[in-house]
Amino acid sequence: MSDLVQLTKDNGIAVITVNNPPVNALSPGVPEGIAAAIEQIDQDDSVKAAVLIGGGKTFIAGADIKEFGKITSGKSGGGLELPSLLLKIEDCPKPVVMAIHGSAFGGGLELAMSGHYRVAVPSAQVGQPEVKLGIIPGAAGTQRLPRLTGVGKAVEMCAEGNPSKAADALKFGILDRLIEGDLLAGAVAFAREIADKPVRKTRERNEKLGSADENATIFAGARENARKKQRGMLAPLAAIDAVEAATRLPFDEGSKLERKLFLDCLFSDQSKALIHIFFGEREVAKIPDIPKETPLIPVNTAAVVGAGTMGGGIAMVLANAGIPVLLKEADQAALDKGLGNIQKNYATSVKRGRFTQSFVDERLKLIQPTLSYDSFRNADLVIEAVFEGMALKKEVFAELDRVSKPGAILASNTSTLDIDEIASSTARPQAVIGTHFFSPANVMRLLEIVRGKASSKEVIATCMQLSKRIGKIGVLVGNCRGFVGNRMFHPYVRESVFLLEEGASVEAVDSALYDFGMAMGPLAVGDLAGLDVGWRIRKEYRHLEKPGIRQAFAGDRLCELGRYGQKSGAGWYKYDENRRAIPDPEVAGLIRKWSVESRIPQREVSKQEIVDRCVYALVNEGARILEEGYALRAVDIDIIYLNGYGFPAHRGGPMWYADTIGLEKVYDRVREFHKQHGELWEPAPLLKRLAEEGKRFGDFHKEQSATA
Ligand code: 3H9
């Protein structure tokens, strides 16, 4: 037996405990330990039945994801032998009861299904989340699950990857009993109850597999769903194929097919990208100069200044996490409008089944509207979300400095402005930080946390922790114009408009990027956000632009015509009463006319050029940001782009995508654009260096850590 697996006995019932913190992943040593325990149990006449349980906070969270990289790079790695262990458990002549708390995910659920019975505490969750890593279950999960749940539920669980709560898993047939109270004691008692019954092998339970006719509509529906909801992803379709195999082939052959599909997925670029994201989401929480032990500022109450779209959304996010929040506006009309929007948004969530009415009623009670700063003294955290203008922000912060208690965090939701300048209007710059939410704030997962030069470690650590508490993914960024996300978005949008001015159509630009995997094309995003927002910012900053540099003009001209996007019924597209975008020949004609007047040569623009121009504009700016230290790691940029800008997860984010293409190739293309389009395309020095050294953006952080 290994250190990772212990075997004890409790009066005729053997107890196998897996102890591989933090999540009892099936790392090398764990399957071997379980196999050895099963062999001992098999040979020990005093043992009537066995319980397998996880030590610590969970059952088994699956295969060890870190091992996958070793497998695909040819450096051994464990986990692939799992199917034979599961057969061994299933063939054990004494009943094995799987006792589940925390999560039984991926290989953990597959292992649980090889047991003869499964019991769980009510808070447990089970699932086959592999598709979220770009793979499918690889230890016969797609073959055993439909035998327990029936085909429809198994397809859904394997293709969508969402977990099920214990009570549901009991209904679906995955679990045999819920245990209230002590899990081990309950599981041992259960094992005694069933000790004399004949063992049931999941792989031999074919009664729920259904007929070909019944299944045809299930599989067709699942495929249609996957193509729509997991656009561009290979694994969901492979998972459906594998479950379908369970209905057509005997268990062994179905398992073989599953294994082939699993390996195809494991070696795909998509899986590598999604695994990069899995670890990246956890990595961004780690700030090198802010240790885990940094004291946190308790946030029990909050206040938000400004009840516009952003302020209202932020108040909802805080209330949803159970934090009472004051919502301040300058006048009653604005406050009423803001509260009306909040109520409307909550009503939509109830209609869509996201929240219950009673949850919403409780949340609304936590949001207290106000017209004055009188009660701000109680707030531990204040978030300013007023109109984006430096003078106004400074005025608000000077006021916050006067009214807030010592130790309160003063945060600005600015999306572009200088946090240090905002902080300079207070006598406590150490308390000031940026919390840049994305619209709609109650939906989008990203929170850019902007570190000012004086922001204290406690304030930063608290905001990082708060992001988790409010269900966001917080990424710490430096204080530069547009921070990380918007600074990169600027050249991306700029290129999309340049392409229009060079001859591409609005629809061609958007569909090329949509087909690449972006949630929306850049022009449709502009219409959604309001073209006037960028127009105003461009006007404000025009004096900072170097003279003689090409400027995109088509968007500004549309704004001059009152075409602000969806809100004015027209922008790059026309909109019908349901806000559905309709291509507008008038816009095409205008862009052509303006471009010819500006002597921009008109030409055919290929789909590939559209993608390269826009995505490499992101990458080149990302490289500058990385080298200048405004993002901590390349993966931080990737996480920002996935969660705030609709970049396709299966491409791993812009920096990972560039690494996957190869920086040498990316650099060559950027140089080509530099020659054709001039200074705006000057290759970032970091891109040049890493390309010449045959390295990746992912290596930059390792270089930095090595020299730190
Ligand atoms: C699979 O099973 C394939 C099989 O079908 C077949 C194979 C043949 N491996 O999330 P947390 C680390 S695929 C390695 O912060 P929580 C994680 O990186 C797998 N490491 O905790 C973090 O490390 P660090 C299918 C893992 O309490 C630490 O554990 N399974 C794994 O918020 C804590 O994680 C999944 O996809 C792993 N499997 O959430 C489940 N899991 O401290 C993936 C976690 O250094 N895991 N780590 O940053 C989860 O969903 C969550 O971790 C879980 C706990 C809900 C379990």
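The structure presented is a predicted model; accordingly, all values stated were derived computationally and were not measured.

Student: Help me out: how do you make sense of the sheet that holds strand β8 (residues 164-165) in this one?
Tutor: Where strands meet in a sheet, backbone hydrogen bonds hold them as pairs that are either parallel or antiparallel. Taken in spatial order, the 3 strands of this open sheet run β5-β7-β8, and their pairing is mixed. Among the strands making up the open sheet, the edge pair consists of β5 (103-105) and β8. As paired strands, β5 and strand β7 (residues 125-127) are joined by 3 bridges and run parallel to one another. Bridging across to β7, phenylalanine 105 finds its partner in glycine 127. Here helix α4 (residues 107-114) sits on the sheet and contacts β5 and β7; the angle it forms with β5, its principal contact strand, is near 90°.

Student: Even after reading the chapter, I still don't get the nonpolar core, so can you show me in this structure?
Tutor: If you look at soluble globular proteins, the nonpolar side chains tend to sit buried side by side. Among the nonpolar cores identified, the biggest contains 99 residues, and Phe376, Leu400, Trp572, Phe647, Leu687 and Phe697 are the most heavily contacted of them. Counting residues per element, this core draws most heavily on helix α25 (residues 607-628), at 11 residues. Not counting the four nearest positions on each side in its chain, phenylalanine 376 is found in contact with Ala303, Val304, Val305, Leu326, Lys328, Thr370, Val382, Leu400, Val403 and Ser404. Core analysis: the second largest hydrophobic core is formed by 84 residues, Met98, Ile135, Val155 and Ala226 among them.

Student: Where do I start with the side chain of glutamate 90 in this structure?
Tutor: Summarising the element assignment, glutamate 90 is placed in helix α3 (residues 82-90). Within the structure, glutamate 90 has its side chain in polar contact with the side chain of arginine 144 (distance 2.8 Å). Here glutamate 90 is in contact with Met113, Ser114, His116, Arg144, Lys201, Thr202 and Arg203, once residues within four sequence places are set aside.

Student: What is the right way to look at the pairing of strand β13 (residues 381-384) in this model?
Tutor: On a regular strand, each side chain points to the face opposite its neighbour's, so the side chains alternate between the two faces of the sheet. Burial along β13 is two-sided: the face carrying Leu381 and Ile383 and the face carrying Val382 and Glu384 are both buried. Note that β13 and strand β14 (residues 409-412) share 4 bridges and pair parallel. What sits directly across from leucine 381, in β14, is isoleucine 409. With helix α16 (residues 390-403) bridging β13 and its parallel neighbour β14, the resulting β-α-β unit is right-handed.

Student: Hey, could you run me through unusual backbone geometry in this one?
Tutor: Glycine aside, a negative phi is what most residues show, and trans is what most peptide bonds show. Of the consecutive residues proline 21 and proline 22, the connecting peptide bond is found in the cis state with omega at 5°. Within the secondary structure, proline 22 is located in the loop between β2 (13-18) and α1 (30-43). A cis geometry characterises the amide bond from serine 439 onward to proline 440, with omega recorded as -5°. For proline 440, the location among the structural elements is in the loop between β15 (432-437) and β16 (446-451). In this model, asparagine 11 sits at a positive phi of 50°, which is unusual for a non-glycine residue.

Student: When you look at the site of the ligand in this model, what are you seeing that I'm missing?
Tutor: The full set close to the ligand counts 28 residues, and Ala61, Gly107, Glu110, Glu130 and Arg282 are the nearest of them. At 2.8 Å from an oxygen atom of the ligand is found a side-chain nitrogen or oxygen belonging to arginine 282. Relative to its unbound accessible area of 1,100 Å², the ligand is 76% covered by the protein chains.

Student: For this particular structure, what's the right way to read the side chain of threonine 414?
Tutor: With respect to the helices, strands and loops of the structure, threonine 414 is situated in the loop between β14 and α17 (419-423). At 2.8 Å, the side chain of threonine 414 and the backbone nitrogen of leucine 417 are in polar contact. What threonine 414 contacts, discounting residues up to four positions off in sequence, is Glu388, Lys393, Ile419, Ile422, His436 and Phe483.

Student: Would you mind going over the packing of aromatic side chains with me for this structure?
Tutor: The relation between two aromatic rings is expressed through the spacing of the ring centres and the mutual angle of the planes. One pass over the structure, following the stated rule, counts 15 aromatic pairs. The structure contains a cluster of three or more aromatic residues connected by ring pairs, namely Phe438, Phe489, Tyr492, Tyr641 and Tyr645. Over the ring of phenylalanine 516 we find arginine 651; its NZ or CZ atom is 4.2 Å from the centre of that ring. Over the ring of tryptophan 656 we find arginine 696, and its NZ or CZ is 5.0 Å from the ring centre.

Student: Hey, could you run me through the sheet that holds strand β4 (residues 96-100) in this one?
Tutor: Strand order in the open sheet formed by 6 strands is β1-β2-β3-β4-β6-β9, and the pairing between neighbours is mixed. Lying at the two open borders of the sheet, with one neighbouring strand each, are β1 (5-10) and β9 (177-178).

Student: Just checking my understanding: could you explain the environment of serine 496 for this structure?
Tutor: Note that serine 496 resides in helix α19 (residues 485-502). Sequence separation between serine 496 and cysteine 614 is 118 residues, and the spatial gap between their C-alpha atoms is 6.3 Å. Contacts of serine 496, omitting those with residues within four sequence positions, involve Val509, Pro522, Leu523 and Cys614. Within polar-contact distance, the side chain of serine 496 engages the backbone oxygen of valine 493 at 2.6 Å.

Student: What am I meant to see in the packing of helix α2 (residues 65-72) against helix α12 (residues 269-283) here?
Tutor: Think of two packed helices as two axes; the pair is described by the angle between the axes and how far apart they sit. Two numbers describe how α2 lies on α12: the axes approach to 11 Å, and their chain directions differ by 145°. Like other packed secondary-structure pairs, α2 and α12 cross with a definite hand, here left-handed. For the pair α2 and α12, contact is made by Ile65, Lys66, Phe68 and Thr72 and by Lys272, Ile275, Phe278 and Phe279, respectively. Its residues placed into classes, the contact of α2 with α12 shows 5 nonpolar, 1 polar and 2 charged.

Student: Help me out: how do you make sense of the pattern of salt bridges in this one?
Tutor: Two side chains that carry opposite charge are able to pair once their charged atoms sit near each other. Within the structure shown, the criterion is met by 53 salt bridges. One salt bridge in this structure joins arginine 603 and glutamate 502, with 2.5 Å as the shortest N-O distance. Residue arginine 603 is located in the loop between α24 (585-597) and α25, and its partner glutamate 502 is located in helix α19; the two are separated by 101 residues in the primary sequence. One salt bridge connects aspartate 612 with arginine 669, and the closest N-O pair in it is separated by 2.7 Å. Taken as a pair, aspartate 612 in helix α25 and arginine 669 in helix α28 (residues 663-677) lie far apart in primary sequence, 57 residues in all. A single network of salt bridges, built from pairs that share partners, joins Arg494, Glu495, Glu501, Glu502, Arg550, Arg603, Glu609 and Arg613.

What counts and how
- Residues numbered from 1 in each chain as written.
- Predicted model: local features only at pLDDT ≥ 70, side-chain atom pairs only at ≥ 80, totals over all residues.
- Heavy atoms only, no water.
- Pairing = 2+ DSSP bridges.
- Helix = DSSP H or I, 4+ residues; strand = E, 2+ residues; numbered from the N terminus.
- Contact = heavy atoms within 4.5 Å.
- Axes fitted to C-alpha atoms, helices over the stretch in contact; angles between N-to-C directions.
- Core = buried A, V, L, I, M, F, W, Y, C linked by side-chain atoms within 4.5 Å.
- Buried < 20%, exposed > 50% of the residue type's maximum accessible area, 1.4 Å probe, protein only.
- Polar contact = N/O pair within 3.5 Å; in protein donor to acceptor, adjacent residues only side chain to side chain.
- Right-handed = clockwise from strand over helix to strand, strands pointing away.
- Near = heavy atom within 4 Å.
- Areas by Shrake-Rupley, 256 points an atom, 1.4 Å probe, with all protein chains shown as cover.
- Phe/Tyr/Trp six-rings, centres within 6.5 Å; stacked < 30°, edge-to-face > 60°.
- Lys NZ or Arg CZ within 6 Å of the ring centre and 35° of its normal.
- Left-handed = near helix turned anticlockwise from the far one by under 90°.
- Nonpolar A, V, L, I, M, F, W, Y, C, P; charged D, E, K, R; others polar.
- Salt bridge = Lys/Arg side-chain N within 4 Å of Asp/Glu carboxyl O.

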